[in-house]
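# Coordinate analysis (summary)
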Amino acid sequence: MRTDVLKKVEMRSNRLAKVVSAAAVGVLVVLAAWPAVSQPQQPRPPQPQPQPQPQQPAGDVNLPPRGVVIDIDSPERALYKIAVPNLRGSSSLGPAGADVLRNDFRLVSLFQVLDARSFVADLDAEALGLVPTAWSAVGAQGVIKGEIRETGGRIEVEMRLYEIARGASATLTRTYRGGAGELRGFMHDFANEVLRQLTGDAGAFGSRFTFARRVGPGRKDVYTADFDGQSVGRVSSGRGIAMLPAFGPGGVWYSILSIDGMFITRSGQRDRPIITGDGLNMGVTFCGSRALFVSTRDGNSEIYSSNADGTDVRRLTNHGGIDVSPTCGPGGKVAFVSDRHGGAQIFTMDMNGGGVTRITFRGSYNQTPAWCPKADLHLLAFTGREGGLDVFTVNTATGAYTRLTQGQGVNKDPAFSADCRMVAFASSRGGIFLSNPEGMNQNMVVRGAAETIRWSR
């Protein structure tokens, strides 16, 4: 009976599809279906006046098509050619460790991982050393060597990076010790250090996603997975409708829809309400120590902030339109979705609700914003509707748009890695995909339905 009621609530929520689709975050879907709050609406406190908005171009302006895959008028981006032979010392762990490294380098779109069948070096004679000419002969610019030593159920892993142009001495060395089950983590860490050595900035290997997944009528659950698709696991209770997850203090936070309302909880709390209030309370994200979330407690969908325990609730938006999907960016800048100008568009504001600025002016239906955490890149990814749902980025400083997907089914709910070198998104092609910020090198990493992806920092 309880499931039937929830299913009816969810079905009625489709009325809001004309405002913002269910793909947005599932948030707006629920808003239209939920009854208005019964108590009289409280007077709204005065809000800071919004900043002057850039003038929108006359008429409808479409979102851009995807650029050409290969532009013969510009040089091809050079990939760093790296060789990763199997780690020595263990016939089972050695190939497994090397596979983790190879996959990391393939996913990040900066490397060409050389085929091991092309190697001409005598690996046994070299051991952990290197003969540079044997590797330059196959075009390698970098070579990773490693050795695993097993003692009493524990392992010691010695790793080395050689840069061929710098001779036969390793330019990066690391030693890891622990259980065999920690090998994947050791390899992700070393891959991050290789990126730091070669680019000056560490990678995001070993980070994690959280996402929601429909698992049956009237039921959704929240999951986590390693960024490369390993270790998929459920974090919600498995009861009812759990959705809109985000990483925050103490674990993964998410929203629970019940017949009594909608509240916010986190992993490990057995669905105990943490952020509550009249009406719907959902779509949490964290900005420093403050939780940002959507609530209908005052009768309309607005964005609020609170402490992590749900106290000290402050209202941030104050508009007759629907305001949803807050997400925190560099310097505490908050992006959100609003239909205050008609169709759903992306806006930004300060953490106190001031300085509201419209960001997207192309397309009539833009949603699910996600910041690149690196402030100097000024990038915001979002889902846009141009015929179908696709993934775009916009440079908030220049207004330049980039289309990442086109003609590849439904693609939505993007999230940036911490280093902004990768973008994850859900696709009707069968799961969660990764690409670079230009939409190149698309690879499926998590199979199965997914929505509202968030990437750990």
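Residues numbered from 1 in each chain as written. Predicted model: local features only at pLDDT ≥ 70, side-chain atom pairs only at ≥ 80, totals over all residues. Heavy atoms only, no water.

## Topic: the overall build of the chain
Within the chain one finds six helices and 28 strands. For the chain, buried positions account for 54% of its 457 residues. Carbon and sulfur atoms make up 49% of the accessible area of the chain, which totals about 19500 Å². (Helix = DSSP H or I, 4+ residues; strand = E, 2+ residues; numbered from the N terminus. Buried < 20%, exposed > 50% of the residue type's maximum accessible area, 1.4 Å probe, protein only. Areas by Shrake-Rupley, 256 points an atom, 1.4 Å probe, with all protein chains shown as cover.)

## Observations concerning the nonpolar core
Counting residues in hydrophobic clusters, the biggest one holds 46 residues, and the most contacted among them are Phe105, Ile144, Val157 and Phe209. In terms of residues, this core owes the most to one element, helix 6 (residues 183-199), which gives seven residues. The residues touching Val157, leaving out its near neighbours within four places in the chain, are Leu87, Glu147, Ile148, Arg174, Thr175, Tyr176, Leu183, Phe186 and Met187. Among the nonpolar cores identified, the runner-up in size contains 32 residues, and Leu257, Ile322, Ala344 and Tyr401 belong to it. (Core = buried A, V, L, I, M, F, W, Y, C linked by side-chain atoms within 4.5 Å. Contact = heavy atoms within 4.5 Å.)

## Quick word on unusual backbone geometry
Positive phi is not limited to glycine here, since Ser325 has a value of about 60°. Residue position: Ser325 is located in strand 16 (residues 323-328). Residues other than glycine seldom take positive phi values, yet Cys420 does so here, at roughly 65°. Positionally, Cys420 belongs in the loop between strand 24 (411-416) and strand 25 (423-427).

## Quick word on the sheet that holds strand 24
Ordered in space as 24-25-26-27, the four strands form an open sheet in which the pairing is antiparallel. A single partner strand is all that each edge strand has here, and the edge strands are strand 24 and strand 27 (443-447). Across the sheet, the mean angle separating the axes of adjacent strands is 30° when strand polarity is ignored. Sheet topology places strand 26 (residues 431-435) next to strand 27; four bridges connect them, and they run antiparallel. For Leu434, the partnering residue across the bridge sits in strand 27 and is Asn443. (Pairing = 2+ DSSP bridges. Axes fitted to C-alpha atoms, helices over the stretch in contact; angles between N-to-C directions.)

## So, the packing of aromatic side chains
Evaluation of the coordinates by the stated rule reveals 14 aromatic pairs. Ring centres of Phe209 and Trp455 lie 4.8 Å apart, and the angle between their planes is 70°; on these two criteria the pair is classed as edge-to-face. Highlighted residues: Phe209 in strand 6 (residues 208-216) and Trp455 in strand 28 (residues 451-455), separated in sequence by 246 residues. The residues Phe209 and Trp455 share a single accessibility class, namely buried. An angle of 15° between the planes, with centres 5.6 Å apart, marks the rings of Phe382 and Phe392 as stacked. Taken as a pair, Phe382 in strand 21 (residues 379-386) and Phe392 in strand 22 (residues 388-395) lie far apart in primary sequence, ten residues in all. One exposure class covers both Phe382 and Phe392, and it is buried. Connected via pairs of aromatic rings, a cluster forms that spans Tyr80, Phe105, Phe111, Phe205 and Phe227. (Phe/Tyr/Trp six-rings, centres within 6.5 Å; stacked < 30°, edge-to-face > 60°.)

This is a description of form; function is not addressed.
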